[in-house]
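Per-entry structural report
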Amino acid sequence: MAAAEERDGVPLTNLDQPLFDGADAVKRDLVDYLDAVRDRLLPVLTGRPLSVVRALRGQEPFMQKNVPKHAPDWVRTTPVWAEASRRRIDYALCDDRRTLLWFANQRAVEYHTTLSRADDGHRPDHLVLDLDPPEGADFAAVVAAARLVRRALADAGLTGAVKTSGAKGLHVFVPISAGDDDAAAATRALAARAARLDPTTATTAYLREERGGKVFLDSTRAHGATVVAAYSPRVRPGAPVSFPVPWDELDDISPRDFTIRTAPALLADADPWAAQLPAPQALPEDLVAEGRDIPVARVVAMHEGKRRARERRS
């Protein structure tokens, strides 16, 4: 019979079932990990609309935004209008241990939040650059790109913190005080400035075939976009987690160092993400102005895709 138990009033079932293909872990490992790091994870989830990636037995992993109808009534939600799909989405707010354990029992492996809080949806409190290495690249390539981003930040009078994405890349977070449009513009400008520092290492080209084997500096995490939370597990071989890393230790680590099995011991009693994040910063006016003149990469790519499709048809 599958193991079952209860924590904080939440029934936990089928704990001995494999978590997902390649995880080298069972569901209990996920529950134990999330419970062990809850004092670090919950502060980065609290008050933010939450999307999760669930890994159900016999199914491909999928992202869930709407809270299912069978959710307990103590799972708090917040309504958000999705302009693209023209519908209301009721996102969960994961503010406490009980809700986190309920998600763990639902086999929610990944935890993705918006950059703004539910009570102030048009004022992100972070801007994020997602550094995506090309296929087959060594981790050193993305570290080099991260250092370009750090230089661009310093040149603008800003500072940020870095964490592994839990996949192959890195996320640079910059706490800010700004509105949606200014944050999005500043993110584009920072990516462009970082790429100009060394065009042989990094690129802002949104289309994969145009990146030329360089690290992609993704500046599209804005206007309601989500990013995987610090300490969140990922549906990847070995069940890695997104983990904070000091800037001066990037050369000494691999994303594979941080998994649901290894991370709790590495953390001990520390919360490196909270310790490394600087205080919120005002965005320089020249940075915002530069970014306003840079087209949104996703929109440019969409139009380019349509142009190429027309060419193929003709």
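Since the structure is predicted, the reported quantities are computational estimates derived from the model, not experimental observations.

Focus on the packing of aromatic side chains
Under the criterion given, the structure shown has 6 aromatic pairs. Residues F173 and W273 carry aromatic rings whose centres are separated by 5.2 Å and whose planes lie at 80 degrees to one another, so their mutual orientation is edge-to-face. Of this pair, F173 sits in strand 10 (residues 170–175) while W273 sits in helix 7 (residues 272–276), and the two are 100 residues apart along the sequence. On the accessibility criterion, F173 (7% relative accessible area) is buried. On the accessibility criterion, W273 (4% relative accessible area) is buried. Judged by centre distance (6.0 Å) and plane angle (80 degrees), the rings of Y206 and F216 are edge-to-face.

Concerning helix 4 (residues 139–155)
When the terminal C-alpha atoms of helix 4 are compared, their 25 Å separation across 17 residues agrees well with the 24 Å that a helix rising 1.5 Å per residue should span. Of the positions making up helix 4, those classed as buried are F139, V142, V143, A145, A146, L148, V149, A152 and L153. Next to the buried residues of helix 4 lie strand 8 (126–132), strand 10, helix 5 (180–197), strand 11 (202–203) and strand 12 (215–218). Two to three positions downstream of the cap, the backbone nitrogen of A140 sits 2.9 Å from a side-chain oxygen, assigning the N-cap of helix 4 to D138.

Some points on the pattern of salt bridges
This model, assessed by the stated rule, comprises 20 salt bridges. Close ionic contact of D132 with R211 constitutes a salt bridge, the shortest N to O distance being 3.8 Å. Of this pair, D132 sits in strand 8 while R211 sits in the loop between strand 11 and strand 12, placing them 79 residues apart in sequence. For D132, a relative accessible area of 28% puts it in the partly exposed group. What makes R211 buried here is its relative accessible area of 9%. Put simply, E290 and R196 hold a salt bridge, and the shortest N to O gap is 3.0 Å. Of the two residues, E290 sits in helix 8 (residues 285–292) while R196 sits in helix 5, which places them 94 residues apart along the sequence. One network of salt bridges, with partners in common, ties together E5, R7, R28, D32, D35, R38 and R97.

Regarding the nonpolar core
Buried together is how nonpolar side chains tend to be arranged in soluble globular proteins. Judged by nonpolar contacts, the single largest core of 88 residues is most densely connected at L41, F103, Y111, L131, L170 and L217. The dominant element in this core, judged by the number of residues it contributes, is helix 4, at 9 residues. What L41 contacts, discounting residues up to four positions off in sequence, is L34, L100, A229, A230, Y231 and S232.

Reading guide: rules and limits
- Residues numbered from 1 in each chain as written.
- Predicted model: local features only at pLDDT ≥ 70, side-chain atom pairs only at ≥ 80, totals over all residues.
- Heavy atoms only, no water.
- Phe/Tyr/Trp six-rings, centres within 6.5 Å; stacked < 30°, edge-to-face > 60°.
- Helix = DSSP H or I, 4+ residues; strand = E, 2+ residues; numbered from the N terminus.
- Buried < 20%, exposed > 50% of the residue type's maximum accessible area, 1.4 Å probe, protein only.
- Expected span 1.5 Å × (residues − 1).
- Contact = heavy atoms within 4.5 Å.
- Polar contact = N/O pair within 3.5 Å; in protein donor to acceptor, adjacent residues only side chain to side chain.
- Salt bridge = Lys/Arg side-chain N within 4 Å of Asp/Glu carboxyl O.
- Core = buried A, V, L, I, M, F, W, Y, C linked by side-chain atoms within 4.5 Å.

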